[in-house]
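Reading the structure
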Amino acid sequence: MGSTLSEPITEKTILSQENANFKVVSCAMQGWRRSMEDTSIVNLNPNNTNYSIRGKKSAFFGVFDGHSGERAALFVAQNLTRYITGTSEYKTAQYSKALSKGFLDCDQALRKHKYMKGDTSGTTAITMLIKSGKIYIANLGDSRCIACTNEGTLFENYSKCRIWILAFPLIFVLLKLT
């Protein structure tokens, strides 16, 4: 894991965002590492041209767990959405395939980018795309997501629920479904 501090840095950065459909709280803590290596994406603005995720109840979230530095996590956080939404699969509403292809395309770009020359950092990822009334979750590496609702887990009675809570390592998403 590399060098660590003698005591963890426990100061937390807490951010909150919301719109008519989503309320999101994220929390980040450096912990034992010498520098913060993790980052995240919260995109509640479906018409943001940087992300091109269009639709009334659309959103994109991601947590990137940097390893051996922050560069790979920052690169992926800044570019992954563009690679996902730029696929022909995304344009034809094949969102699961778009996520897979976007991850692979971003990985290839990461390997070739001058910003990464000589850098040995890496990242895991957990992402969630909400599009057309469905939730698509994709992960890379050992990052995971826990999904639950006010009625239990997401996989039990989810059709009755109006509130879903998805917990990533650094983000909690409260979805108010109407």
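Residues numbered from 1 in each chain as written. Predicted model: local features only at pLDDT ≥ 70, side-chain atom pairs only at ≥ 80, totals over all residues. Heavy atoms only, no water.

What follows covers the environment of Y115. Looking at the element boundaries, Y115 is found in the loop between α3 (95-112) and β5 (122-131). Taking the relative accessible area as the measure of exposure, Y115 reaches 32% and is therefore partly exposed. Separated by 44 residues in the primary sequence, Y115 and R71 have C-alpha atoms spaced 8.0 Å apart. Discounting residues that sit within four places of it in the chain, Y115 has contacts with R71, L74 and F75. (Helix = DSSP H or I, 4+ residues; strand = E, 2+ residues; numbered from the N terminus. Buried < 20%, exposed > 50% of the residue type's maximum accessible area, 1.4 Å probe, protein only. Contact = heavy atoms within 4.5 Å.)

Next up on the list: the side chain of D38. Position of D38 among the secondary structure elements: in the loop between β2 (22-33) and β3 (39-43). There is a polar contact of 3.0 Å between the side chain of D38 and the backbone nitrogen of G66. (Polar contact = N/O pair within 3.5 Å; in protein donor to acceptor, adjacent residues only side chain to side chain.)

Here the focus is the pairing of strand β4 (residues 59-67). For β4, the buried fraction is high: 7 of the 9 residues fall into the buried class. Across 9 bridges, the pairing between β4 and β5 is antiparallel. Within β5, the position partnered with G66 by the bridge is T123. (Pairing = 2+ DSSP bridges.)

We now examine the environment of L80. Its place among the elements puts L80 in helix α1 (residues 71-85). The exposure class of L80 is buried, given its relative accessible area of 1%. Considering only alpha carbons, one finds L80 and G102, 22 residues apart in sequence, at a separation of 6.6 Å. If sequence neighbours within four positions are ignored, L80 has contacts with F60, F64, G102, F103, C106 and T127.

Its identity as a non-glycine residue notwithstanding, S68 has a phi of 60°, on the positive side. Its location among the elements puts S68 in the loop between β4 and α1. Residue S68 is classed as exposed on the basis of its relative accessible area, which comes to 56%. Even without being a glycine, A93 presents a positive backbone phi close to 65°. Position of A93 among the secondary structure elements: in the loop between α2 (88-91) and α3.

Our next topic: the confidence of the model for the protein chain. Of all residues in the protein chain, 74% attain a pLDDT of 70 or more, and the chain-wide mean is 79. At the low end of the mean pLDDT range in the protein chain sits strand β9 (residues 163-167), at 53; at the high end sits α3, at 95. Scored below 50 in pLDDT, residues 155-162 makes 9 contacts in the model with residues more than four places away or belonging to other chains. (pLDDT = per-residue confidence, 0-100.)

To continue, consider α1. Helix length check: α1 (15 residues) gives 22 Å between terminal C-alpha atoms against 21 Å at 1.5 Å per residue, within 8%. The largest bend in α1 is about 45°, located at N79. Among all positions of α1, only A72, A73, F75, V76, A77, N79, L80, T81, I84 and T85 are buried. Where α1 is buried, its residues contact β3, β4, α2, α3 and β5. (Expected span 1.5 Å × (residues − 1). Bend = angle between axes of the 7 residues up to and from the residue.)

Now for the sheet that holds β3. What links the strands of a sheet is backbone hydrogen bonding, and the strands pair in either a parallel or an antiparallel sense. Ordered in space as β3-β4-β5-β6, the 4 strands form an open sheet in which the pairing is antiparallel. Looking along the sheet, the strands with just one partner apiece sit at the ends: β3 and β6 (134-140). When the angles between neighbouring strand axes are averaged without regard to direction, this sheet yields 5°. As paired strands, β5 and β6 are joined by 7 bridges and run antiparallel to one another. Counted as the bridge partner of I130 is I135 from β6. Of the strands in this sheet, β3, β4 and β5 touch α1, which is tilted by about 150° from β4. (Axes fitted to C-alpha atoms, helices over the stretch in contact; angles between N-to-C directions.)

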